[in-house]
Each structure stands twice: as C-alpha cells, then as structure tokens.
Amino acid sequence: MASGINLRSCVSLPGEFHYVNILPTKNQTKLANGETEVHHRPKRGWIWNQFFVLEEHTGPDPQYVGKLHSNSDKGDGSVRYILDGEGAGSIFIIDEVTGDIHATKSLDREKKSHYVLHAQALDRYTEEALEPKSEFIIKVQDINDNAPKFPDGPFVATVPEMSEVGTSVLQVTASDADDPTYGNSARIVYSILQGQPYFSVDPKTGIIRTALADMDREAREHYTVVIQAKDMAGQVGGLSGSTTINITLTDINDNPPKFPQKNYQLYVPESAQVGKPVGKIKANDDDLGINADIKYSIINSEGANTFSISADRDTKEGIISLKKPLNYERKKSYTLHIEGMNTHADPRFSYLGSFKDTATLKITVGDVDEGPVFSIDHYIMDVYENAPRGTEVGAVTARDPDSRNSPVRYFLDSKEDDERYFRIDEITGVIRTTKPLDREDITWHNITVMASEVDNPSLLSHVPVTVQVLDVNDNPPEVAADEEIILCESSRPGQVIQTVTAVDKDDFANGQRFAFALPSQLPVNPNFTLKDNEDSTASIIARRRRFNHLTQELYELPIVVWDGGEPSLSGTSTLTLRVCPCQRHGRIRACQGEAFLSSAGLSTGALIAILLCIIILLAIVVLFITLRRSKKEPLIISEEDIRENVVTYDDEGGGEEDTEAFDIIALRNPAAAEELKFRRDIRPEARQHCGLLRSRRSPSVDLDDVDVQEFIKQRQVDADLDTSVPPYDSLQTYAYEGQGSPTGSISPLDSPGTQSEQDYNFLDEYGPDFQRLAELYGRADSDVSTVCDSNLVQTKSV
C-alpha cells in the first residue's frame, strides 16, 4: 500500500459492520520528462468482522445473521441497503431500511462452509451510492451432525504367523466432516468391537496390533476385525462409525515336508524313452509359497545312476525321469531312496529338527505287450466283521502299460473263494462283501483279482488281495479249563487250589482284560471262594478244611467272567474239581489211574490178559510173513515161450541114485558105459539098475585113462544121428571132475566090499543122534541087497 493513506476504523461488533470514511489522497509518480503523474485511489467504504450462521437451523422463523450499517445512515430511512452475491435473495435476505440480514433456509456447513456477499448503501431518493459496493463473508458455524467414516474401508491386511505380541498390522484413519477447529465434533477415538483376543487397536492413532502370541496359520488363517471410530473424544452423545479389516496370517517356514507314506511303487515299461518323465512323487508341506518349495534328490547310487528327479514349481511334485534305457531281461526292478528338503529354512525353527523327509520308491520294469499292470503288487484291505452285505472293502486299480491305454475290466478268480464272500465291480475295481463275515471263522481272506484289457481279453494280470476281517466284540469270554482241577483232600481254608485264566475268541483289543466273580444269583458256596487277581486271572480258594473223595469226589464251580470290550460281554463257565488223595507237598497219588480203571470197569488182571493176547497175535503175524518170504517160488515159464522143447519138472531128483538124470559111470569108466548104453528116454529095467549098483560097488572095476573130451563129442554125434528118439531135443549134461583126489571120494559108488563089510558102529561114539544115523544106513543097505537078490532069483527062474 502506498504511503499517505490514513485509515480510521470504528469498533465493530460481531454480526455488524460499519462504514468509515477515508480521506482522499493522491499518489504522485515522477516521470522521466520531469512531469508528475497523479493516481487517485478509490475510497474504502467499510471494515467489519465475519458473520456467522448456525448450520442445520430448524426453527420456524428465519435465522438472524447480522446487521449492516453505514455511517451515512442517520436513522431517517433515507438509506437503502441492498445485497447481492452467493445466496442473496434466496438464502439470505436483507431489510432495506434496517440492514438486518436473515437466513431463510437451513444451511449445511459440510456442503458449503461460507458465502461471499456484496453489500451497498444507496440514497433511497436519488439511488446514488452512498458507499461503494463492498464484499463480506458469512461463515456457517459447525455442529456435530456427521459421524466418523472410514473412506477406504473395508480393509485387507496381513501379518506373519507366529508374530510376537504387539506386532503392527495396519493403521486405520477415520474422517469426520465436522469442523476440526471448532469444539470436539471431529475429535475421534478408536476402539475394537470384534477380533479379541487376537488383535488390539491404539485409541488415538488407530494402529492395529497383534495381541496373542504364536498364532498358527495352519490352524487358522483368516481373522475378521471390526474397528469403531467415535467423535466427541469418545464422550457420551458422540457419533460413531465402524469398518472391517480382514486380516490374513502370512506363512513362514515352520513345517517340514512330509511324504504321505514311506513306500511307493511305480511301474515303468522297458520301452520308456530316455529323458521323459516316468512317474512323480510328492511330499506334502503345510507351508505356502517359497516356504513350501521342496528340492528332491535320489540319495542311493542304484537309483541315481538310472533315474533323475526334479521339482515342479507349480505342483510341488517330484518328477522322475529316465536317464538310461531300461532292459526288462537284465533288471526287473529298481529301488530309489528319495529325499525331499525345504529350500528356504527358517533358523528360528531349527529346534524342530531337519526340514526334510525320505521315502522309498520301488520301480518295476515292465515288459512290452503285457497285460494290465496293477498299481501295487499286493493289496491289503480290511473290513469289520458282521458288516452288512455290500459293504465296500477297497478298490484295486490296474492300467494298460501299452501306448494305446486300453480300458481295463476286473473280475475275481473263479478257482478261489468258493463261497463267494466278495464281488468286484468290473469297471471301477471296487471290492464289496456278499455276506456278513465272521472273524472268528476266517480272519484273513486271500483272493485274486484279475484284470484284462477290453481290446485284448487274452492278456490277463493277477494281483493278490488280502482282506483282514477286523474284530468286534461279539463273543463272550469263558474260563480256560483244558484239564479238570485236582483238589487235594488235605486242603486247608484259604489255600489256593488253582489259578484260572479266561479265553476270548475276539481279538486282542477286546479280549485281554478279564474280570472274574462267582454268580451273584446263587447262594454262597460253602466250599470255595474266588479271588480276582486283577491281572486277567483269578484264584480258586478253599473255604473249609479237608475233603474226602469217598464222600464226594467231584465238585462243580460256576464262574462268571467279563471281558474288557465295548460293550463288555460276560460268560459263565462251570469248572469240575476232582478230590484226590495227595502226598506231601501236594503231589497227587494215583488219582487219575483210579479214575480211568473205575470208569472202564476193568481190573488189572483183565488188562494184562488183553495185552498178552495182542502180543501173541502180533507174533503169529510176524512168523507167517517170515515163512512166506523164505518159501521158494517155482520157476514158471510163460506159455508164450517159443522154446517148445523145454520140459519143466518140479522134481529135485534122487541124488546120486538117480541114474536117469545123470549117468556118472560114463564119466568115470567110459569103456564100461559103452556096453551099458541105453535110451535116456526109456526107463531102465530093474535088473539093469541093480547090476549097475553092484558093478559100482565092485572093487574089480578100474578106471581107464580115457580122453573125456573125445567121449563127450562121440556121445553128441550119437545123439544127433539117433532116429529113434522123438522130434525134440533132449538135454544131456556131462561134467568131469578129474581123478586123484588126495582125500578120496566120500561117495559110496566106489567103496570096496559089500554091505556086510561096512560097519557103522563107530558112529555110536558121537552120541544118540549118530546111533540113529548108523541104524538108518545099515537098514538101507540091507533093503537094497534084498531087492537085488530077489530080482536075480526071478530072472533065473524065467
């Protein structure tokens, strides 16, 4: 502002402004040519304070805003006030005479906080401006009519799992449309309505923090938190607004990888191409993102030389590929030890151990053009006993290893499972029961599932399926009593007679815990009591002194036993106790033997007789078998034998006296034999026989030195040329033992002398048996002599 202006202001009251006169001044500017330029400044007409109007006025009359007044107004009504600008005439009206301004409508500060108006004072009569037009402002005064709002809500936030208490999650800020410079209408306080005890909020700043330690994403990942903002500094009557924050726990590597099972099987045909994937395996990791990245490796040399494995980034699976060609004839299977390990380990969780796991993969090399291949070599399934018909046991899966991948049909081997306990869906391979099963009858069922290709039914594959019938508690227990219990006569009260156990047909889970007691519905047993040892055994204890087997030999003791199954079953077993006399230390004395004999009704003598008869029969049988084996079987020649000239006899001959079978004279004295030659197929006469005998005994006959070989040849020629014999060959045997035995001959053929000269009395010295032999020899010689003499007499008479 240029100097020389003299301002005089009057004191202005709120809601009112006054005009003031300003003396006219001149501003002079000296030009270059020496002249002076005069500038006239317009006169300032008024100075006032701002007007204020309360927003949201709801009264029946217009709201008074303020008053305009000019110093030129003498109060005679000669001054007329006019108003123009924002809202003039519509929102704000002015009294032309008094200069009072009123608001005719309810105003909203949040829509428009102030209005710029122009006021002017005119001479009512001349319409000349008493004061120049001047600008003033009407401000709308705020009231608390707006609740806090979260303009950006709802919010989404994340925080790492396992974060410490107090970790900052998110800061929320609410806005209030009310005037922050006037009162507490826009002073906001934050609080949490939902999300405890996991999170908290700072009341002044709106920062949300964790309030609970060790929050695990794998247990719960998402949380919903509701935050409230209240104005008036949270006092009563303040307005409030809320927003929702969806908080997600982000993952950290706090879980190691884990293979679902330790053993896998994979089928790879020998026609698989090198470098191509042949299978895959996956280790599960509950973490996400890079925390779940797994590096797979084959740690044994057998597998690493033939196969390789790499990780798929998307599926986190280990892709197994072939490094070398397979040969079914050389090697039919491979075993791979596969390790899965996290690539980004968090050292904070090293106390959990190594973040890796291992599994075994058995790869079976398949020959081409084979039938379907089952997913595993042996299926083991289970089903509860008494399950209704049609219960699913499990499923088998087979596939065609060939490239055409023909569909597979399943069926059971008809040679097995005669009673047909199971059936199989030919398309899905699901095995179901055909009847309720009983584990106590058959615990394990072994069946064979066959699969064939639809395109080539002749190619069949078999897989054994073992079905285990699981137990349910459907059999009551009973006391195990393989033998009867012996009760000694000398038993004393309180003495343990026997410790008994129980048996249960059900499985281990339902049959190994037993409780024992005597039947409660029966009167107290005066002879025995039962003590449950609480170890699945019970002791039978005598209640009285001394028992007598002659008075009562047998006692029956019923025992109730419960098993530990769900639900518990009970059974009653009756034990038999036999009273027996015992020696010291409880040794039994002939109790069982007496019981056997008395029950059989036989005495000891009768039993011995029976045993002797059995022994005699056995001896006869053995003797008969021995005699049959020692008996000679006759030589039987088949009727089909082509040798028709062989005549068989079962006669062993008469020894040296049998001159028909063998003529020994021909060998010892060939010259004499020529004179006595006769037909061998004609019976010799008696006189010839007797003469022959006498000639043999004659000491006058000498043996000539003859060539026996020539004699045998001559006899052979004579036999061949003889036409009087029947048309068959006759067997003639010759032998020659030679001469000059130093011991002499033991044969009586050449013995000198007659019967009367032979004396056998020397045999008497050897005993009675040899006396009988001497009598026989003497009698035989006399008989021969008598026969021969009689024949000679008959011949002479003729």
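Since the structure is predicted, the reported quantities are computational estimates derived from the model, not experimental observations.

> What am I meant to see in the packing of aromatic side chains here?
To describe a pair of aromatic rings, one takes the distance between the centres and the angle between the planes. Scanning all chains against the criterion turns up 12 aromatic pairs. Ring geometry for Phe-199 versus Tyr-223: centroids 5.7 Å apart, planes at 75°, classification edge-to-face. Pair noted here: Phe-199 is in strand E15 (residues 199-201) and Tyr-223 is in strand E17 (residues 222-230), with a separation of 24 residues, a long-range link. Judged by its relative accessible area of 2%, Phe-199 is buried. In this structure Tyr-223 comes out as buried when scored by relative accessible area, which is 6%. Taking 5.6 Å as the distance between ring centres and 80° as the angle between the ring planes, the aromatic pair formed by Phe-547 and Tyr-555 counts as edge-to-face.

> Honestly, the UniProt feature "transmembrane region" (unreviewed entry) in the chain in this entry has me stumped. Any pointers?
Listed under "transmembrane region" (unreviewed entry) in the UniProt record, and renumbered for this structure, are residues 606-627. Structurally, residues 606-627 is divided into 100% helix and 0% strand, and its ends, taken at the C-alpha atoms, are 32 Å apart.

> Can you walk me through the confidence of the model for the chain in this structure?
Detailed reading of the predicted coordinates is not advisable wherever pLDDT falls low. Summing up the model confidence of the chain, the mean pLDDT is 76 and the portion of residues at 70 or higher is 71%. Scored below 50 in pLDDT, residues 593-600 makes four contacts in the model with residues more than four places away or belonging to other chains.

> Quick question: what am I supposed to make of the pattern of salt bridges here?
When the charged atoms of two side chains with opposite charge come close together, those side chains can pair. All chains considered together, the criterion is met by 17 salt bridges. The closest approach of N and O atoms between Arg-348 and Asp-346, which form a salt bridge, is 3.0 Å. For Asp-346, a relative accessible area of 16% translates into the label buried. Through salt bridges with shared partners, one network takes in Arg-217, Glu-218, Glu-221 and Asp-251.

> Please clarify how the pairing of strand E22 (residues 307-311) should be interpreted in this entry.
Each regular strand shows side chains that alternate between the opposite faces of the sheet. Pairing analysis gives five bridges linking E22 to strand E23 (residues 317-322), with the strands arranged antiparallel. Bridged to Phe-307 within E23 is Leu-322. With antiparallel pairing between neighbouring strands as the criterion, E22 and E23 make up a hairpin whose turn holds five residues, including Lys-316 at a positive phi of roughly 60°.

> Where do I start with the state of the cysteines in this structure?
What makes a disulfide is a covalent bond joining the sulfur atoms belonging to two cysteines. Scanning the model with the defined rule gives one disulfide in all. Here Cys-488 connects covalently by a disulfide to Cys-582, the sulfurs 2.2 Å from one another. Of note, the bridge from Cys-488 to Cys-582 carries an S-S torsion of about -85° and is left-handed in sense. You can see Cys-488 sitting in strand E36 (residues 485-488) and its partner Cys-582 sitting in the loop between strand E42 (570-580) and helix H3 (591-600), a full 94 residues away along the chain.

> So what exactly am I meant to see when it comes to the environment of Ala-398 here?
By secondary structure assignment, the location of Ala-398 is in strand E29 (residues 398-399). Residue Ala-398 is classed as buried on the basis of its relative accessible area, which comes to 10%. Considered as a pair, Ala-398 and Ser-461 are 63 residues apart in the sequence and their alpha carbons are 8.8 Å apart. Sequence-distant contacts of Ala-398, that is, excluding residues within four places in its chain, are made with Pro-372, Val-373, Phe-374, Val-408, Tyr-410 and Ala-451.

Calculation criteria
Residues numbered from 1 in each chain as written. Predicted model: local features only at pLDDT ≥ 70, side-chain atom pairs only at ≥ 80, totals over all residues. Heavy atoms only, no water. Phe/Tyr/Trp six-rings, centres within 6.5 Å; stacked < 30°, edge-to-face > 60°. Helix = DSSP H or I, 4+ residues; strand = E, 2+ residues; numbered from the N terminus. Buried < 20%, exposed > 50% of the residue type's maximum accessible area, 1.4 Å probe, protein only. UniProt positions renumbered as here; feature names shortened; annotations may be inferred. pLDDT = per-residue confidence, 0-100. Contact = heavy atoms within 4.5 Å. Salt bridge = Lys/Arg side-chain N within 4 Å of Asp/Glu carboxyl O. Pairing = 2+ DSSP bridges. Disulfide = S-S within 2.5 Å.

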